[in-house]
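Observations on chain architecture
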Amino acid sequence: LPRECVLVDGGTMTPFPIDVFHLPLRVPAAPTFGVRLGVDRSFARHPRGPLQLARSVIAAGQHRVDYDHVMEHPDYSRIVTMIPTHPYQWADTAMPDEDRIGLFVRGAEAACSFLRRFDWEHYKTVRRHLANAHMALPHGQAREVRGVPEMR
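Residues numbered from 1 in each chain as written. Predicted model: local features only at pLDDT ≥ 70, side-chain atom pairs only at ≥ 80, totals over all residues. Heavy atoms only, no water.

What follows concerns the overall build of the protein chain. If you tally the helices and strands in the protein chain, you get four helices and two strands. Going through the 152 residues of the protein chain one by one, you find that 23% of them count as buried. Of the roughly 11500 Å² of accessible surface on the protein chain, a fraction of 59% belongs to carbon and sulfur atoms. (Helix = DSSP H or I, 4+ residues; strand = E, 2+ residues; numbered from the N terminus. Buried < 20%, exposed > 50% of the residue type's maximum accessible area, 1.4 Å probe, protein only. Areas by Shrake-Rupley, 256 points an atom, 1.4 Å probe, with all protein chains shown as cover.)

Written out as structure tokens, the structure reads:
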């Protein structure tokens, strides 16, 4: 294990800045993991009222770059996990201690589950195949790559 790790919060412009630390088309020397807090947003939500609609529009703008980057690099699904936070309001700084502990436990359980499933050697093989396939493509050709080991 490394002696230290870096935890980065994306802030307002990009709440999930994994693209800054995870260079595509290279086999990384060490894994970079992403952790998303909240609920899965892969389904449509129907805002109730103008205030919720405005919040949804702002959130969509904030997350657009992150979603595009993750969609463009499907290998990210192997290094990103989601911590379900419902019913906790994870951004509530006045959260009662009981809720803080519950949220912490939920995060620890999600991290343990994720790390048990993570296969570093397989991930490096997938990245090596992606990098080799990309280098073989003529400049400017589409990034669709065939023959890359399936992401488990």
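Now that the structure has been shown, the text picks up again.
So, on to helix 4 (residues 120-136). In a regular helix each residue adds 1.5 Å, so 17 residues correspond to 24 Å; helix 4 covers 24 Å between its end C-alpha atoms and thus fits that length. Those residues of helix 4 that fall on the buried side of the exposure criterion are His122, Tyr123, Lys124, Val126, Arg127, Ala131 and Ala133. Backbone nitrogen of Glu121 and a side-chain oxygen of the N-cap are separated by 3.3 Å at the start of helix 4; the cap is Asp119. (Expected span 1.5 Å × (residues − 1). Polar contact = N/O pair within 3.5 Å; in protein donor to acceptor, adjacent residues only side chain to side chain.)

Detailed reading of the predicted coordinates is not advisable wherever pLDDT is low. For the protein chain, the average pLDDT comes to 75, and 66% of its residues sit at 70 or higher. Throughout residues 142-152 the model reports pLDDT below 50, and contacts reaching past four residues in sequence, or to other chains, amount to 21 contacts. (pLDDT = per-residue confidence, 0-100. Contact = heavy atoms within 4.5 Å.)

The next thing to look at is the packing of aromatic side chains. Applying the stated criterion to the full structure yields six aromatic pairs. Note on Phe33 and Phe114: the rings are 5.3 Å apart at their centroids and 90° apart in plane angle, and the pair reads as edge-to-face. Highlighted residues: Phe33 in the loop between helix 1 (18-21) and strand 1 (34-37) and Phe114 in helix 3 (residues 97-117), separated in sequence by 81 residues. With a relative accessible area of 35%, Phe33 lands in the partly exposed category. A connected cluster of aromatic rings, assembled from ring pairs, spans Phe33, Phe114, Phe118, Trp120 and Tyr123. (Phe/Tyr/Trp six-rings, centres within 6.5 Å; stacked < 30°, edge-to-face > 60°.)

The next subject is a nonpolar patch on the surface. Together, Val35, Leu37 and Trp90 make up a nonpolar patch on the protein surface, roughly 290 Å² of accessible area in all. We classify Trp90 as partly exposed; its relative accessible area is 45%. (Patch = residues over 30% accessible without salt bridge, like charges linked within 9 Å, V, L, I, M, F, W, Y side chains within 5 Å. Salt bridge = Lys/Arg side-chain N within 4 Å of Asp/Glu carboxyl O.)

Successive residues of a regular strand alternate their side chains across the two faces of the sheet. Burial of strand 1 is one-sided: the residues Gly34 and Arg36 facing one way are buried, the residues Val35 and Leu37 facing the other way are not. Sheet topology note: the strand 1/strand 2 (residues 80-83) ladder contains four bridges and is parallel. Bridge pairing in strand 2 links Val35 to Thr81. (Pairing = 2+ DSSP bridges.)

Another aspect to go through is the pattern of salt bridges. In this structure the tally under the stated criterion is two salt bridges. Between Arg100 and Asp97 there is a salt bridge, with its nearest N and O atoms 3.9 Å apart. Remark: Asp97 and Arg100 occur in helix 3; sequence separation between them is three residues, near one turn of the helix. On the basis of relative accessibility, which here comes to 58%, the residue Asp97 falls in the exposed class. The residue Lys124 makes a salt bridge to Glu121 at a minimum N-O spacing of 3.2 Å. Residue Lys124 and its partner Glu121 are located together in helix 4, separated by three residues, close to a single helical turn.

For helix 3, built from 21 residues, the straight-helix expectation of 30 Å at 1.5 Å per residue is met to within 8% by its first-to-last C-alpha distance of 30 Å. Of the residues making up helix 3, those classed as buried are Leu103, Gly107, Ala110 and Phe114. One side of helix 3 carries all its buried residues, which in axial view fall inside an arc of 65°. Across helix 3 from its buried face, at more than 90 degrees, point the exposed residues Asp97, Glu98, Ile101, Phe104, Glu109 and Arg116. (Arc of directions from axis to C-beta.)

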